[in-house]
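Residue strings, one per chain:
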Amino acid sequence: MRLLPILLLFVVSLFGFAPDGDPIDDRAYFLSEKERLTYRQFTEELRNKTGFSLYLYTAASRISNVKLLADSLCRDEMGNDTLRAVILIDSSAHSRYISISPAASRFVSENVAERLAQKYLLPEFRKDRFGHGILVFAAELSKNVARLHDVKLA
């Protein structure tokens, strides 16, 4: 049992977000440069208007427990950024999870995130349009959060 916390610390140190605050850590290279720019623009606007941060992490390898890693990234990398969600997708594009911080759960629930993933992310993934699927899913998630903050995103 003591091995699990040590293993978790090791995994988080390997997979933690860059210290520069970039909302994208795309180790599976799903996003093109244009898609990265678009993601950064709308997540920056979301953060500026609502205080909500939406991070994306894609793993370079397959992850056996994607929920555990997503939850640890969301929890352990938070700092002062308490309104946050982390989208985690492994390199196979079959395992994915969105982890939502407790404070952010007022604005997006796991059920809403899953419904949006089913509607926007998965159809694009089935067409091997990973970057586009991630963008559409994250944009819809962002619009949902903005709407609940009574603001509009460009």
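Check the entry above for the structure.
Residues numbered from 1 in each chain as written. Predicted model: local features only at pLDDT ≥ 70, side-chain atom pairs only at ≥ 80, totals over all residues. Heavy atoms only, no water.

Novice: Honestly, the packing of aromatic side chains in this entry has me stumped. Any pointers?
Specialist: Counted under the stated rule, the structure contains four aromatic pairs. Judged by centre distance (5.0 Å) and plane angle (80°), the rings of Phe125 and Phe130 are edge-to-face. You can call Phe125 buried: its relative accessible area is 8%. We classify Phe130 as partly exposed; its relative accessible area is 21%. By the ring-pair criterion, three or more aromatic residues cluster together here, those being Phe30, Phe125 and Phe130. (Phe/Tyr/Trp six-rings, centres within 6.5 Å; stacked < 30°, edge-to-face > 60°. Buried < 20%, exposed > 50% of the residue type's maximum accessible area, 1.4 Å probe, protein only.)

Novice: How should I be thinking about the pairing of strand β4 (residues 96-100) in this particular structure?
Specialist: Within β4, four of the five residues are buried, which leaves it mostly tucked inside the rest of the structure. Alignment of strand β3 (residues 84-89) against β4, held across five bridges, turns out to be antiparallel. From the neighbouring strand, Ala85 faces β4, where its bridge partner is Ile100. Between β3 and β4, which pair antiparallel one after the other, the connecting turn spans six residues, and Ala93 there sits at a positive phi close to 65°. (Helix = DSSP H or I, 4+ residues; strand = E, 2+ residues; numbered from the N terminus. Pairing = 2+ DSSP bridges.)

Novice: What exactly am I supposed to notice about the packing of helix α4 (residues 110-126) against helix α5 (residues 130-148) here?
Specialist: For any two helices packed against each other, the geometry comes down to the angle between their axes and how far apart the axes lie. Where α4 meets α5, the axes come as close as 8 Å, and the angle between the chain directions of the two elements is 155°. Judged by the angle between their axes, α4 and α5 are roughly antiparallel. Remark: the crossing between α4 and α5 carries right-handed chirality. Mapping the contact onto sequence places Val112, Ala113, Leu116, Ala117, Tyr120, Leu121, Glu124 and Phe125 in α4 and Phe130, His132, Gly133, Ile134, Val136, Phe137, Glu140, Leu141 and Asn144 in α5. Grouping the amino acids of the contact of α4 with α5 by side-chain chemistry returns twelve nonpolar, three polar and two charged. (Axes fitted to C-alpha atoms, helices over the stretch in contact; angles between N-to-C directions. Parallel < 35°, antiparallel > 145°, perpendicular 65-115°, else oblique. Left-handed = near helix turned anticlockwise from the far one by under 90°. Contact = heavy atoms within 4.5 Å. Nonpolar A, V, L, I, M, F, W, Y, C, P; charged D, E, K, R; others polar.)

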